[in-house]
Amino acid sequence: MPNRLAHETSPYLLQHAENPVDWHPWSDEALARAAKQNLPILLSIGYSACHWCHVMAHESFEDEATAEMMNQHFVNIKVDREERPDLDSIYMNAVQRMTGRGGWPMTVFLTPDGVPFYGGTYFPPEPRHGMPSFQQVLRGVSEAYRERREEVDRSAAELHHVLRESATLRPPPAPLDTGLLDQAYSSLRVQFDEQHGGFGGAPKFPQPMTLEFTLRQWRRTGDTEPLRMLEETLRSMAGGGIYDHIGGGFHRYSVDAAWLVPHFEKMLYDNALLARLYLLAYQATGDDFYREIVEETLGYIEREMLSPEGGFYSAQDADSEGVEGKFYVWDVAEIDDLLGAEDGELFRRYYNTSSGGNFEGSNILHTPRSGDEIAAEAGVTADRLRQVISRGRTLLYERRSKRVWPVRDDKVVTAWNAMMLRSFAEAARVLNRSDYADIAAANAGFLLGTMKPGGPLLRTYREGHAKIHGFLEDYALLVDALVSLYEATFEPRWAREATAVADEMLALFWDQEDEAFYDNAVDTEQLVVRPRDLYDNATPSGNSTATHALLRLGPLVGEPRYSRIAARVLEGLGGVAAQVPSAFGELLCALDRYLATPQEVAIIGDLHARDTQTLLDVLRATYLPNSLIAACDPAQHDAPEDIPLLVDRPAVDGQATAYVCQRFVCQQPVTDPADLAAALRPLA
């Protein structure tokens, strides 16, 4: 008999719809039932691609005896963290305060008014490694709630106080100067893994925002060490098992320090952020290796993660047929069967496979050595090896496509779509790919239409239903993406849409008195605290993205209020970000922009004409992380009204013309690409 989750749209919630647990979605009805029956709430939070969420579901939530205990003593609520990041933030903070660690699945016990008093993450079905069994936890919590209620209420009140203080904490304002950026980089330099790239040890996460900050540090200072750190990391990741060498795209993270064995789920947000990071590396270095990774990753997204409506799906699971990674690994015989003995041996040598394997008897493909090295060792030409690798990847992808696919989480999340929209838009501009621009524009149309149907921006969409009011990150990332889409297409409507979304974001999430952004809107559900997540984790925080997006949009549309608000955030958090840079990668990028000398380029000319495109080619090949780029055809009379940089910028002698400006004070206009490159050189 299905439970209440059968009426939900979230794939994660639907995975639990047949559990014998009497699950509720988060709702006023569930909270009211807990209050009426005087029962504690068991809140379980996870997401569809979470391997250990599946494990706990199978071990405990599908078990009749465990479910009976849950149903008798608790009101049970199941939440998809990807739908409700506000709830996830509040209760993850609580679990971390109680246990010193966090993760998913998350299990939190609440009073009927939603205040946490006990919690943890995964609990096994039997006592293991010092952890109590889940049934032991259930019995202990239920007994404490019935027989030691004053103790429970006191614990809940104390934790509630801590959560409120955390949400309203205001660091003292700090002076903003480039010394903060140098301090942050010095701290990251100490954490850098010289052997494998990246920061810290196992498990190892990509940290794309922190890595972008190192690229900016190289550009700002001219020191080549940050660029070396970035390149070693990017090459190690792209050569490791964390990268899908057959289908493109990145897995979630590596369980080891060498990027070899991934946690196999693929998340939309990881691939959005990493595709853009490799794109920036290509633009900065001109190395085609990075371009290949960008195009393979975006190709994977277009092929496997793009919905007919123009939205991007959320994730692909780590498991297939109940086995983690089974879809992605290979044995020697299967490769030789597909390619033949000679080509198979070359292919396997390049991807470092063996009969014993490197993962539970099978092989995760990875490339610890270069193609030139392998070709020389095998006595073949580099071209011959490339042909074998290209053919082999095609054949292995075709064979893999016949396996049982990992489950795909096909809900559309606005924030994550906006990240991927930005990556497609920026790749369209830098790589001059009109097909990428078309995908980006279609996604923007979907987000501004289906996800914003005449009212507030909505968070999730699946099977024709959009729901849940958007959070700060949804608004902020959409503003950021629309600015990038303007710079890819130079269509003024995208700048206008960005301005409208930004104004709504400020009205809903900016608290003028506190001078702070909150994660949920002022007019939505009141929770035990109003969440305010400041840290950049797997995705940039709404706070950091809003700050950076306002710094990008303000000069573009001539709205100084945006930059003033961004400055307030940076003044409050810049000092903390410098001390803990790995938790503030995106905010440090915003601080770098704020402290930089403004870089503005206006291109005037027919956007389809060759002379205009040759000027734009110069910009495509130049890494200017803090630039503002605007362009218009003189026939577009409305463009200067929306974009101040384009006002009073005539074409010279009817030719495509470039104006290079700082603080809207421009140098002499140029029409020759070489002159534009020379004018940009001091900025780069």
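Further up the page is the structure itself.
Residues numbered from 1 in each chain as written. Predicted model: local features only at pLDDT ≥ 70, side-chain atom pairs only at ≥ 80, totals over all residues. Heavy atoms only, no water.

### Overview of empty space enclosed by the protein
What the rule picks out here adds up to three cavities of 30 Å³ or more. Taken as a whole, the largest cavity holds about 180 Å³ of empty space. Elements supplying a minimum of two residues to the lining of the largest cavity: α9 (208–221), α11 (268–285), α17 (414–431) and α19 (472–489). Its volume calculated, the second largest cavity comes out at about 90 Å³. Around the second largest cavity, the lining residues are Gly-241, Tyr-243, Asp-244, His-245, Ile-246, His-251, Phe-264, Tyr-328, Trp-330, Ile-364, Leu-365 and Arg-400. Partitioned by chemical class, the residues of the lining of the second largest cavity number seven nonpolar, three polar and two charged. (1 Å grid on protein atoms, 1.4 Å probe; cavity = no way out; pocket = protein on both sides within 12 Å on 5 of 7 lines; lining within 4 Å. Points joined across faces, edges and corners; volume = space filled by probe spheres on them. Helix = DSSP H or I, 4+ residues; strand = E, 2+ residues; numbered from the N terminus. Nonpolar A, V, L, I, M, F, W, Y, C, P; charged D, E, K, R; others polar.)

### Some points on the layout of surface pockets
Each pocket or cavity is described by its volume, and for the second largest pocket that value is around 1100 Å³. Surrounding the second largest pocket, 35 residues form its lining, Phe-289, Glu-292, Tyr-350, Thr-367 and Gly-371 being those nearest its centre. Breaking the lining of the second largest pocket down by element, the ones donating at least two residues are α10 (224–239), α12 (288–304), α15 (371–378) and α16 (382–400). The dominant element in the lining of the second largest pocket, judged by the number of residues it contributes, is α16, at nine residues. Residue composition of the lining of the second largest pocket, grouped by class: 14 nonpolar, 12 polar and nine charged.

### Re unusual backbone geometry
Following Trp-104, the chain continues into Pro-105 via a peptide bond in cis, with omega recorded as 5°. Ala-202 connects to Pro-203 through a cis peptide bond whose omega is -15°. As for its position among the elements, Pro-203 is in the loop between α8 (178–191) and α9. Not every positive phi belongs to a glycine, and Asp-648 is a case in point at roughly 55°. One can find Asp-648 in the loop between α25 (639–642) and β20 (657–662).

### Let's talk about the pairing of strand β18 (residues 599–604)
Burial analysis of β18 places six of its six residues in the buried class, which makes it a mostly covered element. Neither face of β18 is left uncovered, since the one carrying Gln-599, Val-601 and Ile-603 and the one carrying Glu-600, Ala-602 and Ile-604 both have all their residues buried. Two strands pair when backbone bridges link them, and β18 and strand β19 (residues 627–632) are joined in this way by six bridges, in the parallel orientation. If you follow Glu-600 over to β19, its bridge partner there is Leu-628. (Buried < 20%, exposed > 50% of the residue type's maximum accessible area, 1.4 Å probe, protein only. Pairing = 2+ DSSP bridges.)

Everything listed is a geometric property; what it means functionally is a separate question.
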